[in-house]
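# Topology and contacts: notes
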Amino acid sequence: METDVMKTAHQFLIQNDKAPERELDFKKLLYKTWFTLYRRTRGDRDFDSSGFEHVFVGETRDKSVIGMHNWLQIYLQEKHGNIDYKGYFRRGTSEDESQAGLITLQFNWKDGKTKPIGSSFIGTSPEFEMAMYSVAFLMERSSRIPLRVSDHEIDLHIHRLGRGIGTAYPQAK
């Protein structure tokens, strides 16, 4: 809540009657939206996942990577030798490295778990991503929102799981 982007998101949501005015109450709303634990797998008895973990950290299921839609996490995992980067897909991947963009990629993560295709903003701050995903979720938009970010036409995907965010990610058109 200390960053300009989160303050702007909060003001926008207040103006649209989608968030409480008091900052403490808004923080509680964001906590419920991002950090409430839920069951990711049907039939599983454990409350072992959250929207934040899925989107910003990444999870595994069987032999697959699910989530991990944050470029900083991908970068840090690769830096520590936990990711075997398999390449990117031209569609949606920016050629201009000076601006924030989007990357569509594939990789293996720890113990050979595969992410056959995933997408992430690249060059953006985590605050920007959290603010954008939160605004889209709290405005109760459809699960696919067409947007223009920098020079990229994208669809922003926001999926609800219970009362919170199940996943959120950009996808090139």
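Read on for a plain summary of the structure. The structure displayed is predicted, hence computed values, not measured ones.

Moving on: helix α1 (residues 4–15). Here α1 is twelve residues long and its end C-alpha atoms lie 16 Å apart, about the 16 Å a rise of 1.5 Å per residue gives. Within the sequence span of α1, burial applies to Met-6, Ala-9, His-10, Leu-13 and Ile-14. Angularly, the buried residues of α1 cover 135° about the axis, an arc narrow enough to put them on a single face. In α1, the exposed residues that point more than 90 degrees away from the buried face are Asp-4, Thr-8 and Gln-15. Where the residues of α1 are buried, they touch α2 (23–35) and α5 (126–138). Residue Asp-17 follows α1 closely and has a positive phi angle near 55°.

With that settled, the discussion passes to α2. A rise of 1.5 Å per residue sets the reference length of α2, with its 13 residues, at 18 Å; its end C-alpha atoms lie 17 Å apart and thus fit the reference within 8%. Lining the buried residues of α2 we find α1, α3 (51–57), α5 and β8 (164–172).

Bringing the packing of α2 against α5 into the picture now. One can describe the packing of α2 onto α5 by two numbers: an axis separation of 11 Å at closest approach and a directional angle of 90°. As far as their axial angle goes, α5 and α2 are roughly perpendicular. Across the interface between the two elements, Phe-26, Leu-29, Leu-30, Thr-33 and Trp-34 from α2 touch Met-130, Tyr-133, Ser-134, Phe-137 and Leu-138 from α5. Residues belonging to the contact of α2 with α5 are distributed by class as follows: eight nonpolar, two polar and no charged.

Structurally, Ser-120 is set in strand β5 (residues 113–122). Polar side-chain contacts of Ser-120 include one of 2.9 Å to the backbone nitrogen of Trp-71. In this structure Ser-120 touches His-69, Asn-70, Trp-71, Ile-74, Gly-101, Leu-102, Ile-103 and Pro-170, once residues within four positions along its chain are discounted.

Quick notes on the rules
- Within each chain, residue numbers correspond to sequence positions counted from 1 in written order.
- Totals for whole chains, interfaces and linings use every residue, but because this is a predicted model, local features are given only for residues with pLDDT of at least 70 and side-chain atom pairs only at 80 or more, for both listing and counting.
- Processing note: side-chain calculations cover all non-hydrogen atoms of the structure and skip hydrogens and water entirely.
- A run of DSSP states H or I qualifies as a helix once it reaches four residues; a run of E qualifies as a strand once it reaches two. Both are numbered from the N-terminal end.
- For a helix, the expected span equals 1.5 Å multiplied by the number of residues minus one.
- Per-residue accessibility, obtained with a 1.4 Å probe over protein chains only, is compared with the maximum for each type, and a residue is labelled buried under 20%, exposed over 50%, and partly exposed between these values.
- Read the arc as the range of directions from the helix axis to the C-beta atoms.
- For this analysis, residues touch if any pair of their heavy atoms sits within 4.5 Å.
- Helix axes are fitted only over the stretch in contact, all axes being lines through C-alpha atoms; the angle between N-to-C directions runs from 0 to 180 degrees.
- Put simply, angles under 35 degrees are roughly parallel, angles over 145 are roughly antiparallel, angles from 65 to 115 are roughly perpendicular, and the rest are oblique.
- Residues are grouped as follows: nonpolar covers Ala, Val, Leu, Ile, Met, Phe, Trp, Tyr, Cys and Pro; charged covers Asp, Glu, Lys and Arg; every other residue, Gly included, is treated as polar.
- Any pair of nitrogen or oxygen atoms within 3.5 Å is treated as a polar contact; in protein, a donor-acceptor pairing is required on top of that, and neighbouring residues in sequence qualify only through side-chain atoms on both sides.

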